Amino acid sequence: MVPSRLARSLLAGVSLSSLMVVAPVTAQDSNNTLSLEEITVTAQKREQSAQDVPIALNAFSGDFLDVVAADDLRDIVAYTPGLEIGGVTQARYEVRGVETSDFGVGTDPAVGVYVDGIYAARSGAAIIQFADIERVEVLKGPQGTLFGRNTAAGAISVITKKPNIEEFEGEVKLRYGRFDHRLLNAMLNFPMTDTMAFRVNLLTNERDGYQPDALTGEKYGRLNNDTGRLQFRWEPSEKTSFNLAYEFDRTNQDEQPPKLSVSNGQWQFGTKGDETLLDSVQGQVLLGLAPALGLPLTPDTPASALNGFLPLSSFYAALAPFGYSPANPNASWRFFQDVNSAGGADPFGPTDSDIGNGQERRDLDGLNLTITHDFDWATLTSISSYKKFTTNNLEDNDSSADPFAYFTTDNTERNQSFYQEVRLNGQTDRLTWTLGGSYYWEKAEQTTYVDLSTDSVARMLYNLGATTGGALAGGFDPLDGINACEAIALDTMGGFYNFYDMPLDCLGVPTGGLGLENLANLIGTTMGGRIYQESMGQGGKFKALAFYADATYKVTDRLNLTGGIRWTQDKKSWTWLNGPATIEGRSELDVPGVGNLADIFTGQIMPSFVGGTGDIVYNLADLEAVIRAGNIGCENYTDLGSNSLEGTAFTCSDTWTNISPRVVVDYVVSDDLMVYASYALGYKAGGYNTQEVGSYFDNEDVWNFEAGLKSEWFDRTLRFNLSVWKYKYEDKQSIRLENVPGSELKRYTTRTEDASGKGVDVEILWAPVDGLRLFANAGYQDVTCTRNCGTDEDQPDNPDPFQGQPTGVPSKRVSVGGDYRFDLGNSGSLLFHIDHSYSSARRDNGRCQVEGTCGLQVVGDVMWYTGGAKNYTNARIGWENESGAYGLSVFGRNIFSNIYPGGAAGDGKDLLGAASSSIDEPWTWGIELKAKF
């Protein structure tokens, strides 16, 4: 019997559940009525009811994924407290505020993704389409003991349906929707003999774009994916089974979500908005002239104040007696040139792009073999997998069609891996145990191509002040008359001046007053419109060996004690290889008597401006000095000897060893109520920044305490699950956009920090009457960075300015909804589904404000707020016949078309004036027809 006081408390909790979140699963019983589903999971490497597992988890059946029209893992985020997923070929996973954006293979994900027990090490292989899925399990908190390495934040386990030896079956699902969305999902299962069966499923998913390009009329956000699985199953006896599966995926689609430029041409002096004269070369020139011209200027004078008390025309007029005649006497002060995009600074677009808004492509093939054998005293399971894939992620970093801001990166990857796991599961009267071991091998190759145009390099030089400084390389004394080079420097104070037009004489190269563009014109060509490219080639080999044991001892009929331990060893080696910068069409730029203009620019001019090799992105001079001094973290590394770092393959190698235990106590209060508490340690291997030669970061460790209850009430018509948790991370790996030694552009790198978090997860599921199911799921989390939380250029004397601030993740997420089945007798049933999800605003911090990804965004005279609360509502109405074999449904996702503005960020913002944002998918509708046979 349920104690009445407790029952009243739980029922009162239903009305409060909209303050917290968790995820439902829907199902139908043999009487076609909706009820609480008993879903079986393998969260502890053995089959158990989800209600019997002392772990905070959300489980989704294949039926539920159909009801909400989920295409892939990203579509279950709204129903899972604390889970965030984004991207495709460079996916981002976050659980309870912990994430690693996996754009480089030197970094491992914080959330392990498993498909049929097989580890998908790279997130490029982990965003799978939902086709013929049995269930999805989302496990929260460290899962290292049973699942292994790189599950410090949690694990996602996808289980596919297996061949059915008993009967022939098939299913076809057709979907058509908004933006010409076409989906075909087909499955065929046929027994070959009484011990063998074959199963094949194929899914093709295509959609046109939804975000218009104001210049070309194209629409971005296009989808194009084909995926499938072929399985052969052989059960030679009741105790033995073999399951061989081949899987493939072909993806070729736009970058997701579409990006857009939010620059409007109004950044006159830089992107911060509070620049002083000391912050720019032009301003420093003004300060140098101030005494001679009697100008009331100081280093702290805001650059923007010039417009108020000193018109540029007046400044130019003061220089007329020295022989200066401005190129544009009506110009206004401007030290910085930014993008003026088609949509201005409107965070909702339209957009414009010179590369079709980017591309995400993946070709993946995998072969898996699972063998099980029952020895009576234990069951042996062997899982073997070989997987290979290639991906490329082409990103429009300036998010515009401005040729003077052209900036793209293309990360290409070739990867192959092998995974082997062997485990034994056994059970006696009081002991349930698991012993196992695993081996993982991976070979990865990645090349990052950074493309600028020669035009965008010219803008970058102007914005850096190099154009002004170059013109004054011979000095500046207006009292002896203003020469042509000094006049160019003064002209740069009123707007963009193309560096290639500057006479090389200003730089000490006598050419008779000709610049690079003049020289190119002499041979019938131009310096403009060419691709300037830098690249970083990388490759790595990884090995991981692990052994684990886990056992649950039934102390009494109600009290269970679980203990587990895993030993892991990771060995990694990583090689960087960087070559010189190149300019497209180099052979066309030979000028008799002068030399090759591309070589002069990259080999002579650029080193004089930025130092070292002259590279803009991968300038290795500073890093080479660090390496030669021995100030490098990795255990073993290449001895450069007399070789230069540029052009030399540089390798780091390291070994990490870890022991991860867990302890769980659960007590069965009654048949319908279990309480539990657990303590676990998690681990993620260290690694290397693929964009920074010789970089190294150590492994991250986390301890996690959790307590909760799982319960069902009132004849199992009400399910109430609760968990409270707290964790502490040491050396948590975090992706940041920051300045990197040797790069004029900010780059995304991995740094380590300490963090702590606490929170609550709640799941409520209620079937008050036949045919009706209601759910209310929620989560609360409070995650704070406690050490090494990032740097701020404006606070150079503060080594840790963001310490103690929240990490930016929303504190609350809520999901509520319901399903209703209306019986039509022999005519079948009508099915109704509606759900609503809410995510509170991001908890702003100094780091994300500096990066432009949260809080108030100011671009010229335009302001908006990003990171606010979000609400999404989905609905579905359908019919199916009495047997459930045929059905027709209409559904809508985000039916109120809530679209939320992104930030003003990106690695092209500070030097190119190219601030990028992203645009949410609007509301969509679809019609779906299914047939089972």
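See the structure above.
Everything quoted here is computed from the prediction, not taken from an experiment.

## Notes on helix α12 (residues 621-628)
Moving on, step 1. Looking only at α12, the buried set comprises Leu623, Glu624 and Ile627. In an axial view of α12, the angular spread of the buried residues amounts to 105°, which keeps them on one side of the axis.
Moving on, step 2. The inward-facing, buried residues of α12 contact β28 (636-637) and β29 (650-670).
Moving on, step 3. One or two residues past the end of α12 sits Gly630, with phi positive at roughly 80°.

## Focus: the side chain of Glu534
Moving on, step 1. Looking at the secondary structure, you find Glu534 in strand β23 (residues 531-554).
Moving on, step 2. Of note is the side chain of Glu534, whose polar atom sits 2.7 Å from the side chain of Tyr532.
Moving on, step 3. If we skip the residues at most four places from it in the chain, Glu534 touches Thr448, Tyr449, Val450, Ala581, Asp615, Ile616, Val617 and Tyr618.

## A closer look at the nonpolar core
Moving on, step 1. Of all hydrophobic cores here, the largest spans 87 residues; its most connected members are Phe315, Trp333 and Phe601.
Moving on, step 2. With 6 residues, the top contributor of residues to this core is helix α11 (residues 597-610).
Moving on, step 3. Residues contacting Phe315, with those up to four places away along its chain left out, are Leu286, Leu289, Leu293, Leu295, Trp333, Leu490 and Met493.

## A word on the pattern of salt bridges
Moving on, step 1. Considering all chains together, one arrives at 47 salt bridges under this definition.
Moving on, step 2. We note a salt bridge from Glu218 to Arg222, for which the minimum N-O separation is 3.0 Å.
Moving on, step 3. We note a salt bridge from Glu753 to Arg847, for which the minimum N-O separation is 3.1 Å. You can see Glu753 sitting in strand β33 (residues 747-766) and its partner Arg847 sitting in helix α13 (residues 846-851), a full 94 residues away along the chain.
Moving on, step 4. For Glu753, a relative accessible area of 2% corresponds to the buried category.
Moving on, step 5. Under the relative-accessibility criterion, Arg847 is labelled buried at 17%.
Moving on, step 6. Salt bridges linked by common partners bring Asp71, Asp75, Arg175, Arg876, Arg893 and Glu928 together as one network.

## Focus: empty space enclosed by the protein
Moving on, step 1. Counted according to the given criterion, the structure contains 14 cavities of 30 Å³ or more.
Moving on, step 2. Within this model, the second largest cavity holds a volume of roughly 170 Å³.
Moving on, step 3. Forming the boundary of the second largest cavity are 18 residues, of which Ile55, Pro142, Gln143, Ser678 and Ala680 lie nearest the centre.
Moving on, step 4. Of the residues contributing to the lining of the second largest cavity, the split by class is 9 nonpolar, 6 polar and 3 charged.

## Some details on the side chain of Asn185
Moving on, step 1. Its location among the elements puts Asn185 in strand β12 (residues 181-191).
Moving on, step 2. Under the relative-accessibility criterion, Asn185 is labelled buried at 12%.
Moving on, step 3. Leave out the neighbours within four places in its chain, and Asn185 touches Phe130, Ala131, Glu171, Val172, Lys173, Leu202 and Leu203.

## Some words on the state of the cysteines
Moving on, step 1. In total, this model carries 4 disulfides according to the counting rule given.
Moving on, step 2. Residue pairing for Cys485: its cysteine sulfur links by disulfide to Cys506, the two sulfurs lying 2.0 Å apart. Taking the sign of the S-S torsion, about -95° here, the bridge from Cys485 to Cys506 comes out left-handed. Placement of Cys485 in helix α9 (residues 484-491) and of Cys506 in the loop between α9 and α10 (516-522) is noted, with a sequence separation of 21 residues between them. The exposure classification of Cys485 matches that of Cys506, with both residues buried.
Moving on, step 3. Covalent S-S linkage joins Cys785 and Cys789, the inter-sulfur distance amounting to 2.1 Å. Its torsion about the S-S bond being -100°, the disulfide of Cys785 and Cys789 is classed as left-handed.
Moving on, step 4. By sequence order of its bonded cysteines, the protein has the disulfide arrangement 1-2, 3-4, 5-6, 7-8.

## Considering unusual backbone geometry
Moving on, step 1. Geometrically, the link from Gln256 to Pro257 is a cis peptide bond, its omega value of -10° lying close to zero.
Moving on, step 2. Of the consecutive residues Gly349 and Pro350, the connecting peptide bond is found in the cis state with omega at 10°.
Moving on, step 3. Mapped onto the elements of the fold, Pro350 is located in the loop between α6 (312-318) and β19 (359-374).
Moving on, step 4. For Asn788, which is not glycine, the phi torsion reads 55° and is therefore positive.
Moving on, step 5. Checked against the element boundaries, Asn788 lands in the loop between β34 (772-787) and β35 (812-823).
Moving on, step 6. Although it is not a glycine, Asn894 sits at a positive phi angle of roughly 55°.
Moving on, step 7. Mapping Asn894 onto the fold places it in the loop between β40 (886-893) and α14 (909-912).
Moving on, step 8. Residue Asn894 is classed as buried on the basis of its relative accessible area, which comes to 7%.

About the criteria used
Residues numbered from 1 in each chain as written. Predicted model: local features only at pLDDT ≥ 70, side-chain atom pairs only at ≥ 80, totals over all residues. Heavy atoms only, no water. Buried < 20%, exposed > 50% of the residue type's maximum accessible area, 1.4 Å probe, protein only. Helix = DSSP H or I, 4+ residues; strand = E, 2+ residues; numbered from the N terminus. Arc of directions from axis to C-beta. Contact = heavy atoms within 4.5 Å. Polar contact = N/O pair within 3.5 Å; in protein donor to acceptor, adjacent residues only side chain to side chain. Core = buried A, V, L, I, M, F, W, Y, C linked by side-chain atoms within 4.5 Å. Salt bridge = Lys/Arg side-chain N within 4 Å of Asp/Glu carboxyl O. 1 Å grid on protein atoms, 1.4 Å probe; cavity = no way out; pocket = protein on both sides within 12 Å on 5 of 7 lines; lining within 4 Å. Points joined across faces, edges and corners; volume = space filled by probe spheres on them. Nonpolar A, V, L, I, M, F, W, Y, C, P; charged D, E, K, R; others polar. Disulfide = S-S within 2.5 Å.

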